[in-house]
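Letter by letter, the chains look like this.
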Amino acid sequence: MIGNKPGPKRVLIAGGAGFIGSHLTDRLLAAGAEVTVLDNLQTGRRENLAHLDGARELRFIKADITDELPRKVTGDRFDQIYNLACAASPPRYQADPEHTLLTNVLGTRNLLRLAEAHGARFLLTSTSEVYGDPEVHPQREDYRGSVSCTGPRACYDEGKRAAETLTFDFVRLGRVDARVVRIFNTYGPRMDPDDGRVVSNVICQALSGQPITIYGDGSQTRSFCYVDDLIDGILRLMALECDQPGPVNVGNAAELTVRDLVERVVALTGTSSPVTYQPLPQDDPRRRRPDIGLAQRLLGWEPRVDLQQGLEATTTYFAEELRRRPPDAGEPALAAAE
Ligand code: UDP
């Protein structure tokens, strides 16, 4: 799954200590790769990789991709470079918008230059946020999006759009062989309970008996993809030998409202937590669902884990997380910035 050249693949994962990055690290190590994780630990967590302590094929470097890359990285040799380095939850990426924008623009530039110098294949994790608050539904890759360049989400949305622009310019100029995956809402074990996302908030609130927060009236929709399915799509895209495929959506096409999600979690956990309604954050997309036709055709990929299975696994994980935390730290710390 990670290429045809003999010998172990040497892989750099920027953001490899994050929720998604740590699952990618697991899968690449299991496939026999030598993995270097580069992470500034802004939202990534060492504990996401703790189960790999002592793994000889894994190296961790704490660094920020907006800075000059460390010698340990530039002096190495990589066959593949994955860029997953960016805070992705709205409250987290809005906490330092300047850094979020620069992570996507400057950080991606630094990694693209590294990929060019090493002749490495590069994969950018972009986002469904490039479609903004979409007027076209479901979202296909050729839809250009409806994004505010001045709103509170712009540091992330526009940052990712610029990161795509840079990546495709490097491709057009023949400087790098690159892939771009547009990730839709993803959930699963190792989400940060304090991330402020709807899945983590709602499950943690349900498990700890706190009020469940619905922003707006809960009629906005999302389509949630289990993390294992996402990783499978990412690996397939990186391994794909073909002409430049352009950006590829990877997500689960099963769409539901936030209210439906809350009902599913309430039924699953048997919680008696009340539901409270809070203001909808500015520029919160009304609906989102990927058209995954391209991923199906190009990668032979389809999500396999349905929402019920995925929520069960995620709830088990959060129940353990909450048990490990001090009693007063069980409530999600971050609310959406308005
Ligand atoms: N949301 C919610 N309650 C929460 C957190 C989020 O109702 O405690 C809403 C949020 O306003 C959005 C949806 O759930 O409409 C998904 O939010 P999330 O932050 O998970 O992802 P994104 O907005 O980036 O898709």
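Up top is the structure these notes are about.
All values derive from a computational prediction rather than experimental measurement.

K.L.:
Would you mind showing me how to read the pairing of strand β6 (residues 177–183) here?
P.N.:
Walk down a regular strand and you will see the side chains alternate between the two sheet faces. The buried fraction of β6 amounts to six of the seven residues, a majority that puts the element mostly inside the structure. With seven bridges connecting them, strand β5 (residues 121–127) and β6 associate as parallel partners. Of the residues in β6, the one forming a bridge with T127 is I183. Note that the unit made of β5, helix α5 (residues 154–172) and β6 has a crossover that is right-handed. By the bridge criterion, four bridges tie β6 to strand β11 (residues 247–250) in an arrangement that is parallel. Paired with V180 across the strands is P247, a residue of β11.

K.L.:
Is there a simple way to explain the site of the ligand in this structure?
P.N.:
Around the ligand there are 17 residues in total, and T213, Y215, R222, D284 and R288 lie nearest to it. In this structure, V198 approaches the ligand through a main-chain N or O atom, which is 2.9 Å from an oxygen atom. In the model, an oxygen atom of the ligand is placed 2.7 Å from a nitrogen or oxygen of the R288 side chain. Summarising the interface, the protein chains cover 97% of the accessible area of the ligand, which totals 510 Å² for the free molecule. Only α6 (198–208) and β8 (212–215) provide two or more residues apiece to the shell around the ligand. In terms of residues, the shell around the ligand owes the most to one element, β8, which gives three residues. Along the lines of polarity and charge, the residues of the shell around the ligand split into six nonpolar, five polar and six charged.

K.L.:
Teacher, can you tell me more about the nonpolar core here?
P.N.:
Soluble globular proteins tend to bury their nonpolar side chains together. Formed by 57 residues in total, the largest nonpolar core has its most connected members in L24, L28 and Y82. Among the elements that take part in this core, helix α7 (residues 227–239) stands out by supplying seven residues, more than any other. With residues up to four places along the chain from it excluded, the contact list for L24 reads I13, Y82, L84, I231, I234 and L235. One finds A14, I61, L114 and A120 within the second-largest nonpolar core, a separate group that totals 25 residues.

The rules behind each value
- Residues numbered from 1 in each chain as written.
- Predicted model: local features only at pLDDT ≥ 70, side-chain atom pairs only at ≥ 80, totals over all residues.
- Heavy atoms only, no water.
- Buried < 20%, exposed > 50% of the residue type's maximum accessible area, 1.4 Å probe, protein only.
- Helix = DSSP H or I, 4+ residues; strand = E, 2+ residues; numbered from the N terminus.
- Pairing = 2+ DSSP bridges.
- Right-handed = clockwise from strand over helix to strand, strands pointing away.
- Near = heavy atom within 4 Å.
- Polar contact = N/O pair within 3.5 Å; in protein donor to acceptor, adjacent residues only side chain to side chain.
- Areas by Shrake-Rupley, 256 points an atom, 1.4 Å probe, with all protein chains shown as cover.
- Nonpolar A, V, L, I, M, F, W, Y, C, P; charged D, E, K, R; others polar.
- Core = buried A, V, L, I, M, F, W, Y, C linked by side-chain atoms within 4.5 Å.
- Contact = heavy atoms within 4.5 Å.

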